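Remarks on the overall topology
Read off the chains here:
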Amino acid sequence: MNLQRKHLELIQALQASETLAAAAAKLHMTPSALSHQLGELEERVGLAVVNRKAKPLHLTAAGKRLYETAQDALPRFARLEADLTRQVKGLGGRLSIAIDCHSCYLWLLPTLDQFRRQWPEVELDLSGGFSFDSLQALAAGDLDFVITADPEPLNGISYIPLFQYESMLILPLDHPLSQVEEIQPAMLKDQTLIIYPVPPRKMDIFRLFLRPADIEPAQIRHSELTVMMVALVASGRGLCSLPNWAADEYIDRNFVTARSLGQCVFNTLHAAVREESLQLSYMQDFLLLAKDLPFSTLKGIARPA
């Protein structure tokens, strides 16, 4: 049928008017122009949409169905136009964020808080990356910003380094490996390793430490929450690996201890953004905050090399 927005606006005006002339006045049209547009609409639909002989005029069944659609679609058009206008003026938009590295939430909170104060009209949404491929979702336009420690080459995606951190092995206070100064991969082949519910290839300890040495732990156990992971380690249920800054609060409270993996495993946290989004003022500000604020809130991180 190739219906257009003007047709929905026409049917909305007809529903609110007693005569064609009154509907024309609502739309700032002449009666003849409205009559022509109405004829065009009915030709496209193949049915009459208004009973012209009725006093006052009223919509036919087909017209009422079009009116229901207009009531839903026209406000959405208006919101879309308003959102796009704010984006053109640099005042607002959408920032849908996913986090691939699951211990990132705490350091991100000050960034989100500051950003909300600077850009109150930008709609923020935050989700974890447990159950979907967040980088593919970013490339498809379903997300706007992904925090990841494992960049993948994707067309149209830019990776901006945020900060460098050390991956640490977290152990119970009385674990035999707590007496070892430098952990070697083979020392973990008879251990239970507790990880987030993501493919091991995405975990620093596998990708950068165990797999290069062709070592696998005896068992793998999953936990979605960092605090639960640490609790399991403290109770002797296994070992885990965390960024140094994420482990600090648990080590400071003497819940667990930590050791370096080999001669230290370092990785860099990145922000993944679609290239066209880098032109948006609010995206530029969010990147600046994400790059700068962690250095005032986290211990043990370094500027990217």
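Above this text you will find the structure in question.
A few points on the structure. All figures in this text were calculated on a predicted structure; none of them were measured in a lab.

Let us now look at the nonpolar core. If you look at the biggest cluster of nonpolar residues, it comprises 31 residues, and the most contacted ones within it are Leu169, Ile170, Leu188, Ile205, Phe209, Leu210 and Leu242. Looking at this core, the elements with two or more residues in it are β6 (157-171), β7 (192-195), α7 (204-210), α8 (226-234), β9 (239-243), α9 (244-252) and β10 (257-274). Not counting chain neighbours up to four residues away, the residues in contact with Leu242 comprise Glu166, Ser167, Met168, Ile170, Tyr196, Thr226, Met229, Val230 and Ala247. Counting residues in hydrophobic clusters, the runner-up holds 29 residues, among them Trp119, Leu162, Met283 and Phe286.

So, on to helix α10 (residues 281-292). Compared with an ideal rise of 1.5 Å per residue, which puts twelve residues at 16 Å, α10 spans 17 Å between its outermost C-alpha atoms and is within 8% of the ideal. Within α10 the residues assigned to the buried category are Tyr282, Met283, Phe286, Leu287, Leu289 and Ala290. Projection of α10 onto a plane perpendicular to its axis shows the buried side chains occupying an angular sector of 165°, all on one side.

The side chains of a regular strand alternate between both faces of the sheet. Strand direction decides the pairing type here: β7 and strand β8 (residues 219-222), joined by four bridges, are parallel. Along β8, the bridge assignment pairs Ile194 with Arg221. Taken together, β7, α7 and β8 constitute a β-α-β crossover, and its handedness is right-handed.

The grouping of Leu225, Val227 and Met228 at the surface amounts to a nonpolar patch, some 290 Å² of accessible area in total. Within the secondary structure, Val227 sits in helix α8.

All right, on to α8 then. By the burial criterion, the buried members of α8 are Thr226, Met229, Val230, Leu232 and Val233. Within α8, the buried residues cover an arc of 160° as seen down the axis, which keeps them to one side. In the stretch just after α8, Gly236 is the one whose phi turns positive, near 80°.

With that settled, consider the side chain of Ser178. Its place among the elements puts Ser178 in the loop between β6 and β7. A distance of 3.3 Å separates the side chain of Ser178 from the side chain of Gln179, its partner in a polar contact.

Relative to the helices and strands, Leu20 is located in helix α2 (residues 20-26). When its relative accessible area of 26% is taken as the criterion, Leu20 is described as partly exposed. Sequence-wise, Leu20 and Arg52 are 32 residues apart; in three dimensions their C-alpha atoms are separated by 8.2 Å. Discounting chain neighbours no more than four positions away, the residues touching Leu20 are Leu14, Leu34, Leu38 and Leu57.

Counted under the stated rule, the structure contains 16 salt bridges. The salt bridge involving Arg117 is made with Asp113; its shortest N-O contact spans 2.6 Å. Remark: Asp113 and Arg117 occur in helix α5 (residues 105-118); sequence separation between them is four residues, near one turn of the helix. One salt-bridge network, held together by shared partners, links Arg94, Asp144, Arg274 and Glu276.

Our next topic: the environment of Leu106. Mapped onto the fold, Leu106 is located in helix α5. On the basis of relative accessibility, which here comes to 55%, the residue Leu106 falls in the exposed class. For the pair Leu106 and Leu135, spaced 29 residues apart in sequence, the C-alpha to C-alpha distance is 21 Å.

For the rest of this paragraph, the subject is unusual backbone geometry. Residues Lys55 and Pro56 are joined by a peptide bond in cis, for which omega reads -5°. Positive phi is not limited to glycine here, since His28 has a value of about 60°. Looking at where His28 falls in the secondary structure, it is placed in the loop between α2 and α3 (31-45). Phi at Cys264 takes a positive value of approximately 95°, unusual for a residue other than glycine. Position of Cys264 relative to the elements: it lies in strand β10.

The geometry of helix α1 (residues 5-15) relative to α3 is characterised by a closest axis approach of 10 Å and an angle of 110° between their N-to-C directions. What the angle tells us is that α1 and α3 run roughly perpendicular. Both α1 and α3 take part in a crossing whose hand is left-handed. Across the interface between the two elements, Lys6, His7, Leu10, Ile11 and Leu14 of α1 pack against Leu34, Gln37, Leu38, Glu40, Leu41 and Arg44 of α3.

Calculation notes
- Residues numbered from 1 in each chain as written.
- Predicted model: local features only at pLDDT ≥ 70, side-chain atom pairs only at ≥ 80, totals over all residues.
- Heavy atoms only, no water.
- Core = buried A, V, L, I, M, F, W, Y, C linked by side-chain atoms within 4.5 Å.
- Buried < 20%, exposed > 50% of the residue type's maximum accessible area, 1.4 Å probe, protein only.
- Helix = DSSP H or I, 4+ residues; strand = E, 2+ residues; numbered from the N terminus.
- Contact = heavy atoms within 4.5 Å.
- Expected span 1.5 Å × (residues − 1).
- Arc of directions from axis to C-beta.
- Pairing = 2+ DSSP bridges.
- Right-handed = clockwise from strand over helix to strand, strands pointing away.
- Patch = residues over 30% accessible without salt bridge, like charges linked within 9 Å, V, L, I, M, F, W, Y side chains within 5 Å.
- Areas by Shrake-Rupley, 256 points an atom, 1.4 Å probe, with all protein chains shown as cover.
- Salt bridge = Lys/Arg side-chain N within 4 Å of Asp/Glu carboxyl O.
- Polar contact = N/O pair within 3.5 Å; in protein donor to acceptor, adjacent residues only side chain to side chain.
- Axes fitted to C-alpha atoms, helices over the stretch in contact; angles between N-to-C directions.
- Parallel < 35°, antiparallel > 145°, perpendicular 65-115°, else oblique.
- Left-handed = near helix turned anticlockwise from the far one by under 90°.

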